[in-house]
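Notes for the structure review
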Amino acid sequence: MTQEVKEIFAGEPPPPPAALAAKVRTLAPSMTRSMQRVAEAVANDPAGCAALTVTGLAELTGTSEATVVRTARLLGYPGYRDLRLALAGLAAQQQSGRAPAVTADIAVDDPIADVVAKLAYDEQQTLADTAAALDTVQLGAAVGALAAARRIDVYGVGASGLVAQDLTQKLLRIGLIAHAHNDPHLAVTNAVQLRAKDVAIAITHSGATGDVIEPLRVAFEHGATTIAITGRPDGPVTQYADHILTTSTARESELRPAAMSSRTSQLLVVDCLFIGVAQRTYETAAPALSASYEALAHRHRSTPR
């Protein structure tokens, strides 16, 4: 490995090929077709692309040098030179027989202490990215709609379904009527009942989950205020959303693509919504929250044997 490549690895290491492939899959919908060809080439053959100049990669993919540079930047590198050096480093890792990665930067033989440190760093970065990109005007509008809602329905499946449950439990504890739906049939039949004073929230990292989009569409068409929490602000779900809250999409895991990073960023948005609503409805929220604590307090006290 050259000194130049080692210098790149001295900072935050570039992603291994599996993570790069996951990132390409995530970002591909927002790329032009020519950029997709460049991204797919570097993900599928990092060693071969590392040997090419920007002109060579442009010729290989039938694109232009400008397209190659734009693709490198979209994938998180300052320019093609940085991407090329990272790919060379990744090729060297493969040839050295280093232990395979089970997530973006965690190897099979990493000590558990390193696993903790790497995951903590990754989640910190995910939270920071989400906070930086979150549109506070959209967030404030969503908070206002929730605070005034007659009823709130939240749609999510898989990991997003767990986040939907978390949000509804928080809202219930401050006296709001909220329901989480992870069954697509029940979600749609409930969405039909929503009206102008109601709110429907869709949680989908990809922005393309049909079981979440369908009930949001129904709620939208029946006049409910609709909110999308998604990592793809250009995804299909947003065409039925009055308010769009964007989560981080930058850090993925090949072991569980999107699931870990999306959950972390979604929970941050959920907490922001909850605190915002609690502030707006404090006179009723505070007594309701206190009552819920008192109702459960006996379950948390130790009983004498």
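The following refers to the structure shown. This structure is a prediction, so every number in the text was calculated from the model and none was measured.

Each value, and the rule that gives it
- Residues numbered from 1 in each chain as written.
- Predicted model: local features only at pLDDT ≥ 70, side-chain atom pairs only at ≥ 80, totals over all residues.
- Heavy atoms only, no water.
- Pairing = 2+ DSSP bridges.
- Helix = DSSP H or I, 4+ residues; strand = E, 2+ residues; numbered from the N terminus.
- Right-handed = clockwise from strand over helix to strand, strands pointing away.
- Salt bridge = Lys/Arg side-chain N within 4 Å of Asp/Glu carboxyl O.
- Buried < 20%, exposed > 50% of the residue type's maximum accessible area, 1.4 Å probe, protein only.
- Core = buried A, V, L, I, M, F, W, Y, C linked by side-chain atoms within 4.5 Å.
- Contact = heavy atoms within 4.5 Å.
- Axes fitted to C-alpha atoms, helices over the stretch in contact; angles between N-to-C directions.
- Parallel < 35°, antiparallel > 145°, perpendicular 65-115°, else oblique.
- Nonpolar A, V, L, I, M, F, W, Y, C, P; charged D, E, K, R; others polar.

**Some remarks on the pairing of strand 2 (residues 178-181)**
Inspection of the sheet shows strand 1 (residues 152-155) paired to strand 2 by four bridges, in the parallel sense. Bridge pairing links isoleucine 152 to alanine 178 in strand 2. Between strand 1 and its parallel partner strand 2, the chain crosses via helix 10 (residues 159-173), and the hand of that crossover is right-handed.

**Topic: the pattern of salt bridges**
If charged atoms from side chains of opposite charge come close, those side chains can pair. One pass over the full model with this rule turns up seven salt bridges. Aspartate 153 is paired through a salt bridge with arginine 151; the nearest N and O atoms lie 3.2 Å apart. Relative accessible area serves as the criterion here: at 0%, aspartate 153 is assigned to the buried category. When the shortest N-O distance is used, the salt bridge between lysine 170 and aspartate 271 registers 3.4 Å. Taken together, the residues lysine 170 in helix 10 and aspartate 271 in helix 13 (residues 259-280) connect sequence positions 101 residues apart. Look at aspartate 271 and you get partly exposed, because its relative accessible area is 36%. Salt bridges sharing partners connect three or more residues here, namely Asp166, Lys170 and Asp271.

**Let's talk about the nonpolar core**
Residues Leu146, Ile152, Ile174, Val199, Ile201, Leu245 and Leu273 are the most contacted members of the largest nonpolar core, which totals 29 residues. Elements with a contribution of two residues or more to this core: helix 9 (136-147), strand 1, helix 10, strand 3 (199-204), strand 4 (225-230) and helix 13. No other element matches helix 13, which puts six residues into this core. When residues no more than four places from it in sequence are discounted, the contact partners of leucine 245 are Leu134, Asp135, Gln138, Leu139, Ala142, Ile227, Ala228, Ile229, Thr230, Val269 and Leu273. Of all hydrophobic cores here, the second largest spans 22 residues; its members include Met31, Ala41, Tyr77 and Ala86.

**Regarding the sheet that holds strand 4**
Across a sheet, paired strands are connected by hydrogen bonds in the backbone, their directions being either parallel or antiparallel. Here we have five strands laid out as an open sheet, ordered 2-1-3-4-5, and parallel in their pairing. Each edge of the sheet is formed by a strand with only one pairing partner; in this case those strands are strand 2 and strand 5 (243-246). Strand after strand, the sheet turns through a mean of 15° between neighbouring axes, direction not considered. Against the sheet, helix 11 (residues 184-191) touches strand 1 and strand 2, its axis set at about 150° to strand 1.

**Here's the deal with the pairing of strand 4**
Remember that side chains alternate between the two faces of the sheet whenever the strand is regular. For strand 4, the tally of buried residues reaches five of six residues, placing the bulk of the element in the interior. Where strand 3 lies against strand 4, six bridges are found, and the strand directions are parallel. Across the sheet, residue valine 199 finds its bridge partner in strand 4, namely threonine 225. For the handedness criterion, the β-α-β arrangement of strand 3, helix 12 (residues 210-221) and strand 4 is classed as right-handed. Direction of pairing for strand 4 relative to strand 5: parallel, over a ladder of four bridges. Residue threonine 230 lies in a different strand from strand 5, and its bridge partner there is threonine 246.

**Details of helix 5 (residues 54-61)**
Residues Gly56, Leu57, Ala58 and Thr61 constitute the buried set of helix 5. Glycine 62 occupies a position one or two residues after helix 5 and carries a positive phi of about 70°.

**So, the packing of helix 5 against helix 6 (residues 65-74)**
Where helix 5 contacts helix 6, the axes come no closer than 8 Å and their chain directions differ by 100°. Of the possible angle classes, the one that applies to helix 5 and helix 6 is roughly perpendicular. Note on element contacts: helix 6 touches helix 5 through Glu65, Val68 and Val69, opposite Val54, Thr55, Leu57 and Ala58. For the contact of helix 5 with helix 6, the residue count by class is five nonpolar, one polar and one charged.

Purely geometric stuff here, so don't read any function into it on its own.
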